[in-house]
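Listed here are the chains, written in short residue letters.
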Amino acid sequence: MKAELDSLAKREVLGPVVRTPADVKSVGCRWPNRNLLVRKLNPPQSWNPRVENYLRATGFYHVSRIGMIRGFHPLLAALVERWRPETHIFVLPVGEVTVTFEDVAHIFVLPIDGEPVSGWTDSSSDFVQSQSMAIFGRQPVLSRSTLFTDKSTAYAHAKYLPLLRGFERIHTYSWGSACLAHLYRALCRASRYNTKEMDGPLNLLFVWAWERMPCIAPVPRHILPPAEIPVAMRWSHSERSTAWLEKTVETFRHDIDYMQEFEWRPYEGMIVPGELHGHLDVCDIVAPLLSFECIEWHPANRVMRQFGFAQPPAQIPRDIPLDQHCMALRGVQVYD
């Protein structure tokens, strides 16, 4: 394992791995500290201007502008400890909070109200070859991913390829809800005591945490560029102080335990593009999130303060059968 990591580090495939100190004791958590690794490829920083109109037509133009956002493993571990998989909620001193449709819409500017990201899947090599030739006119190639990452982020799963064949229909899918479903799934899996690595759209999680909890942000927000759509852009390539980089899991736990401020409405007054208004109208609904085998619930009714409303008493969480909540596409499988 060490030899593999050293080899990848020499090729600059991985960022630096920060391990949790062995003497840090877990606070308010059933499980001991873990070295929760995130293998993240650096995403491409630019694209040819000739493809801009095509990116706008697909709905991926804004997210393609974000660039590289560097996460931090101790902060990730501290956030995972606060996650409740049965409710999809972070339990903080200020109450229950979570990443919602509204956050996805502002941070990544992805469509929310649309057709489900689902369909027929086939993991065979023949399927991958035929779909790649039909869409790209060439054999499958390595593709970096921001929204639907696996633990290496080197490949995009072949199940998405059929949705890209009809170019004029790409923007009609609810990519925002699919992205949120994968984040919830990644957090649920990472909350298990024996999980060693984490995948998913972690840029969304980090930007959400920094925008809403100033006490754990790498830099004060007032020294960043003004917030604009997509919000993630202002955290791209942001500087980090030495003091922040020296923080441990225990330090972030303390910061969260004694936080004095939580931003309930960080996007208020922000100018949003016209195509986003219709999607913001459905951000506070309770609905299933679907991305092929990934099925999760959007618990908007438990975090109404994030939408500017009073919070009513919490209801019984929506239940997803265990066989669906833990489903994984491994091996040769065919699902419809």
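Analysis parameters
Residues numbered from 1 in each chain as written. Predicted model: local features only at pLDDT ≥ 70, side-chain atom pairs only at ≥ 80, totals over all residues. Heavy atoms only, no water. Axes fitted to C-alpha atoms, helices over the stretch in contact; angles between N-to-C directions. Helix = DSSP H or I, 4+ residues; strand = E, 2+ residues; numbered from the N terminus. Parallel < 35°, antiparallel > 145°, perpendicular 65-115°, else oblique. Contact = heavy atoms within 4.5 Å. Nonpolar A, V, L, I, M, F, W, Y, C, P; charged D, E, K, R; others polar. Pairing = 2+ DSSP bridges. Buried < 20%, exposed > 50% of the residue type's maximum accessible area, 1.4 Å probe, protein only.

Caption draft 1: Seen up close, the packing of helix H4 (residues 73–81) against helix H8 (residues 202–212). Where H4 contacts H8, the two axes come as close as 11 Å, and the packing angle between them is 80 degrees. By the angle between their directions, the pair H4 and H8 is classed as roughly perpendicular. Facing Leu75, Leu76 and Leu79 of H4, the residues of H8 in contact are Leu202, Leu205, Phe206, Ala209 and Trp210. Here the contact of H4 with H8 is built from residues that sort into 8 nonpolar, no polar and no charged.

Caption draft 2: Inspection of the sheet that holds strand S1 (residues 83–84) at higher detail. Across the sheet, 3 strands lie side by side as S1-S2-S3; this open sheet has antiparallel pairing. On the outer flanks of this sheet lie S1 and strand S3 (95–97), each paired with one strand and no other. Bridging between S1 and strand S2 (residues 89–92) involves 2 bridges; their strand directions are antiparallel. Note on S2: the bridge partner recorded for Trp83 is Phe90.

Caption draft 3: Geometry of unusual backbone geometry. Cis geometry marks the peptide bond from Ile229 to Pro230, where omega comes out at -5 degrees. Mapped onto the secondary structure, Pro230 falls in the loop between H8 and helix H9 (242–245). A positive phi is found at Val109, a non-glycine position, where the angle reads about 55 degrees. Within the secondary structure, Val109 sits in the loop between helix H5 (101–107) and helix H6 (125–136). Classification of Val109 by relative accessible area gives buried; the value is 6%. Of note, the phi angle at Phe292 is positive, near 55 degrees, even though the residue is not glycine. Mapped onto the elements of the fold, Phe292 is located in the loop between strand S4 (287–291) and strand S5 (294–298). The exposure class of Phe292 is buried, given its relative accessible area of 9%.

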